[in-house]
Amino acid sequence: LSIQYLQRSIKEDSPNVKALSEKVATTLIEQIDQLAKIAGDFSQFAHISTVKVEEFDVHYVLSSLIDLYSGNEKLNIVWNKSDKSALIQADKTQINRLFTNLLQNAIEASTGKDVIPVTIDEKVEANRLLISVTDEGMGIPEEKRDKIFTPNFTTKSSGTGLGLAICKGIVERANGKIWFDTTEGKGTTFKVLLPLVGLPG
């Protein structure tokens, strides 16, 4: 519809063609990005049971993601990194997707703030690594909390509602656990517990 409107404006030699072209281009890019995300979510959800297990350092995944998001000047990520081993056996691509989803959720939860603070904490408990991702958003309403990991459920006005369902599936296939603590008006912390490799049980 936007392109048809632009075509008509060009044919009629409307004086605002340039401004209209920029507006249409912006709209199309936003919609294409949204479609790409939807396609990606459904693809990931469909293939979540296909796991390629390898041994790798979770710190490598987190470091790469933090570097990727460092270009966002409004975002302030504090990473309290453990000085202990962070070797796990899992699908590296899926673990990357897991923390990408959690970081993106934390960012979107604080949309509208001049500075968006996100804190990543790590703690080694026996032979397991606990990673917490905390935002300072509005928190999750009580009536929605028991549905957070349910496929097709979302607290956002747009999206597939698959992001956190994908996270849960990824963590469970890595023999881990995922849960959250939240306070309305203060923020939410998603916690991921993953078994480590090379540490005594």
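Located above this text is the structure these notes cover.
The paragraphs below set out a description of the structure included in this document. Since we're looking at a predicted model, the values are computed, not measured.

Among the eight residues in strand β5 (residues 128-135), six count as buried, and that is most of the element. With eight bridges joining them, strand β4 (residues 116-125) and β5 adopt antiparallel strand pairing. Paired with Val118 across the bridge in β5 is Asp135. Connecting the antiparallel pair β4 and β5 is a turn made up of two residues, with Ala126 showing a positive phi of about 55°. Relative to strand β7 (residues 187-195), β5 runs antiparallel, the two sharing seven bridges. Bridge assignment links Thr134 to a residue of β7, and that residue is Thr189.

Contact geometry for helix α3 (residues 58-69) and helix α4 (residues 92-109): axes closest at 10 Å, N-to-C directions at 40°. The orientation of α3 with respect to α4, classified from their angle, is oblique. Every pair of crossing elements has a handedness; the one defined by α3 and α4 is right-handed. Counting all contacts with α3, which are made through Val58, Tyr60, Val61, Leu62, Leu65 and Tyr69, the residues of α4 involved are Lys92, Ile95, Asn96, Phe99, Thr100, Leu103, Gln104 and Ile107. Taken together, the residues of the contact of α3 with α4 sort by class into ten nonpolar, three polar and one charged.

Another aspect to go through is the environment of Asn101. Position of Asn101 among the secondary structure elements: in helix α4. Residues Asn101 and Leu164, spaced 63 residues apart in sequence, show a C-alpha to C-alpha distance of 7.4 Å. Residues within four places of Asn101 in sequence aside, it is in contact with Gly163, Ile166 and Cys167.

So, on to the packing of aromatic side chains. If you walk through the whole model with that rule in mind, you get one aromatic pair. With 5.5 Å between their ring centres and 45° between their planes, Phe180 and Phe190 make a pair best called tilted. Of this pair, Phe180 sits in strand β6 (residues 177-183) while Phe190 sits in strand β7, and the two are ten residues apart along the sequence.

Within the secondary structure, Thr189 is located in strand β7. At 2.8 Å, the side chain of Thr189 and the side chain of Thr134 are in polar contact.

Moving on, we come to the packing of α4 against helix α5 (residues 163-173). Each pair of packed helices can be summarised by the angle the axes make with each other and by the distance between the axes. Here α4 crosses α5 at 140°, and the two axes come no closer than 9 Å. Of the two elements, α4 crosses α5, and the hand of that crossing is left-handed. From α4, Gln94, Ile95, Arg97, Leu98, Asn101, Leu102 and Asn105 reach across to α5, where they touch Gly163, Leu164, Ile166, Cys167, Ile170 and Val171. Residues of the contact of α4 with α5, tallied by class, amount to eight nonpolar, four polar and one charged.

Spatially, five strands are ordered β2-β4-β5-β7-β6 in an open sheet, and the strand pairing comes out mixed. Two strands bound the open sheet, and with one partner strand each, they are β2 (75-80) and β6. Between one strand and the next, the sheet's axes are offset by a mean angle of 15°, whatever the strand orientation. Note that β6 and β7 share seven bridges and pair antiparallel. Note on β7: the bridge partner recorded for Thr183 is Gly187.

To continue, consider the side chain of Glu122. Checked against the element boundaries, Glu122 lands in strand β4. An unpaired buried charge is present at Glu122: no salt bridge exists, and Lys81, the closest side chain of opposite charge, is 7.3 Å distant. Within the structure, Glu122 has its side chain in polar contact with the side chain of His59 (distance 2.6 Å). Here Ser82 takes part through its backbone nitrogen, which lies 2.9 Å from a polar atom of the side chain of Glu122. Here Glu122 is in contact with His59, Leu62, Trp79, Asn80, Lys81, Ser82, Leu129, Leu130 and Ile131, once residues within four sequence places are set aside.

What counts, and at which threshold
- Per chain, the residues get numbers from 1 upward, laid out in the order the sequence is written.
- Owing to the predicted nature of the model, reporting of local features is limited to residues with pLDDT of at least 70; listing and counting of side-chain atom pairs is limited to 80 or more, with chain, interface and lining totals taken over all residues.
- Side-chain figures throughout are based on the complete set of non-hydrogen atoms in the structure, without hydrogens or water.
- Remark: exposure states derive from per-residue accessible area (1.4 Å probe, protein chains only) relative to the maximum for the residue type, with buried under 20%, exposed over 50%, and partly exposed in between.
- Strands here are runs of E lasting at least two residues and helices are runs of H or I lasting at least four, both read from the DSSP assignment and numbered beginning at the N terminus.
- A strand pair is defined by DSSP finding two or more bridges across the two strands.
- Axis definition: a line fitted to C-alpha atoms, over the contacting stretch in the case of helices. Angles run 0 to 180 degrees between N-to-C directions.
- The cut-offs work like this: below 35 degrees is roughly parallel, past 145 is roughly antiparallel, 65 to 115 is roughly perpendicular, and the gaps in between are oblique.
- Take the far helix as your reference; a near helix turned counterclockwise from it by less than a right angle gives a left-handed crossing, and one turned clockwise gives a right-handed crossing.
- The contact definition used throughout considers only heavy atoms, calling two residues in contact when any of these lie within 4.5 Å.
- When residue character is reported, Ala, Val, Leu, Ile, Met, Phe, Trp, Tyr, Cys and Pro are called nonpolar, Asp, Glu, Lys and Arg charged, and the others, Gly included, polar.
- Any two rings among Phe, Tyr and Trp, with Trp reduced to its six-membered ring, count as a pair given centres within 6.5 Å; such a pair is stacked if its planes are under 30 degrees apart, edge-to-face if over 60, and tilted if neither.
- Any N or O atom pair separated by 3.5 Å or less is treated as a polar contact, with the protein-specific requirement of one donor-capable and one acceptor-capable atom, and with residues adjacent in sequence counted only for side-chain atom pairs.
- Working convention for charge: Lys and Arg count positive, Asp and Glu count negative, and His plus the chain ends are omitted.
- The term salt bridge refers to a pairing of a side-chain nitrogen on Lys or Arg with a carboxyl oxygen on Asp or Glu at a separation within 4 Å.

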